[in-house]
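So the chains spell out like this:
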Amino acid sequence: MRERPSIDRRTVLLGGGTAIASLAGCISTSPTPPGDRGEPTQDESSDDSSVEPLKVGGSSTVYPITSDAGSVWNSNPPADDEEYWGPSEYGIDTDERLANYWASKYGFEGSGSSPPFSISVKLSHSGTGLEKLEKGLLDLGNSSAPVAAELTNLGEEELDEFKNHVVGVDAQPIVVSREIYEAGVTQLTAEQVQQIYQGDITNWSEIDAYDGPDKEIQAVGRAEGSGTDTAFRANMLGSPDADMSGVDVRKGQNQNVETVVGKSTNAIAYMALAFVTSETPAVSLEFDGTVYEPGKNLADESYPLSRDLHCYTYGGTSEKEAAFLRMIIHDFGQENYVKPAGYATLTSSRQKEELQKLPDPE
């Protein structure tokens, strides 16, 4: 994997961006430095095409993938830019700019440095994104849980309208505050995690490995309706609507969870792997006799909190949607947008399966 360029290089290339401390609400993404999760600035000159922008929104877990991909698409770097495009490195023989190349596979033509159409990415959570997709307010709905688990009110015929495109795999970790980790809680059993979130364990002193003073547990959860919350309930507690009476506070996005745990001295949380930091260390999890360790085997298929990351379309997949999805699912997108976000890339067989779901290119 190539080293990510410096912030100065990214700022010069893509026009800069304004970082903010919290990503609450909906955030539109236009050309901004890839990898930045701050509030983007609006580009007023990059796209004068008559083609409507591709509107993407939903899960904060999938957001780093589609946001970075959309930012680079909008900047439309030339083929000789090896930091952001460099097609020959991925066996692609072209001298076209990035967006022009992928869009041309479905008949869209760019004009110079302007992409054939722009990408707008908004941040909420899975359930909101899928609801907006169904209403026609989005073209792609980011979700970190299957649509059937998110929109439980829909019947089978309605669910069939959602077309699933898997773009990566997240090994959802359990994280704790640094003070708790340093006090000895570097591993938990699945049963202990279950008991914490169901309110049966309320103090860290009840965990044998903990070597510190009595300290109440602050159990942090994601907002109800988020794909991360749905996946955690289903995979850890046995049902998408399992009781979680032990939760003390819920937060809307992974970024908010990261902030709370990082500033607390007694917290535990579940969140996307991409948001783990030195201030929110992930613990090992023992499940059915197997210990799953961060950085080692969390990506194993048997890891109970592993889940697919989805970009849903509705009522079929249009050529415009397919152009953007093909870029992300291709080796180029897996290497540049999925892996740097901290997620596992698709295996060759899964990658082939996902590409076959898309309309045939020209």
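Only a predicted model underlies this, so the values are computations on that prediction, with no experimental measurement involved.

Draft legend 1. Highlighting unusual backbone geometry. Positive phi is not limited to glycine here, since asparagine 76 has a value of about 50 degrees. The residue asparagine 76 is located in the loop between α2 (63-75) and α3 (98-104) in this model. Overall, asparagine 76 belongs to the buried group, its relative accessible area being 0%. Backbone geometry places aspartate 288, a non-glycine residue, at a positive phi of 50 degrees. Among the structural elements, aspartate 288 can be located in the loop between β11 (282-287) and β12 (290-292).

Draft legend 2. Highlighting the environment of aspartate 160. Position of aspartate 160 among the secondary structure elements: in the loop between α6 (156-159) and β4 (162-163). According to the relative accessible area criterion, aspartate 160 is partly exposed, its value standing at 46%. Separated by 156 residues in sequence, aspartate 160 and glycine 316 have C-alpha atoms that sit 9.8 Å apart.

Draft legend 3. Fine view of the packing of aromatic side chains. The full count for this structure, using the stated rule, is 16 aromatic pairs. Between phenylalanine 332 and tyrosine 337, the aromatic rings sit 5.7 Å apart at their centres with planes inclined by 90 degrees, giving edge-to-face as the arrangement. The exposure class of phenylalanine 332 is buried, given its relative accessible area of 0%. These aromatic residues form a ring-pair network of at least three members: Trp85, Tyr90, Tyr101, Trp102, Phe332 and Tyr337. Taking the ring centre of phenylalanine 117 as reference, the NZ or CZ of lysine 320 above it sits at 5.9 Å.

Draft legend 4. Layout of the pairing of strand β13 (residues 306-314). The sheet contact formed by strand β3 (residues 140-143) and β13 spans three bridges and is antiparallel. Directly across from serine 143, in β13, lies its bridge partner histidine 310. Alignment of β4 against β13, held across two bridges, turns out to be antiparallel. Its bridge partner lying in β13, phenylalanine 162 is registered against tyrosine 314.

Draft legend 5. Just the pattern of salt bridges, in detail. For the coordinates displayed, the defined rule picks out 12 salt bridges. Among the ionic pairs, aspartate 170 bridges to arginine 307, the shortest N-O distance being 2.8 Å. A residue pair is termed long-range when its members are at least 10 positions apart, and aspartate 170 in strand β5 (residues 166-171) and arginine 307 in strand β13 qualify at 137 residues. When its relative accessible area of 0% is taken as the criterion, aspartate 170 is described as buried. Under the relative-accessibility criterion, arginine 307 is labelled buried at 6%. Between glutamate 335 and lysine 339 there is a salt bridge, with the nearest N and O atoms lying 3.1 Å from each other. Residue lysine 339 is classed as partly exposed on the basis of its relative accessible area, which comes to 35%. Within this structure, Glu224, Asp229, Arg233 and Arg250 form a network of salt bridges that share partners.

Definitions and limits used
Residues numbered from 1 in each chain as written. Predicted model: local features only at pLDDT ≥ 70, side-chain atom pairs only at ≥ 80, totals over all residues. Heavy atoms only, no water. Helix = DSSP H or I, 4+ residues; strand = E, 2+ residues; numbered from the N terminus. Buried < 20%, exposed > 50% of the residue type's maximum accessible area, 1.4 Å probe, protein only. Phe/Tyr/Trp six-rings, centres within 6.5 Å; stacked < 30°, edge-to-face > 60°. Lys NZ or Arg CZ within 6 Å of the ring centre and 35° of its normal. Pairing = 2+ DSSP bridges. Salt bridge = Lys/Arg side-chain N within 4 Å of Asp/Glu carboxyl O.

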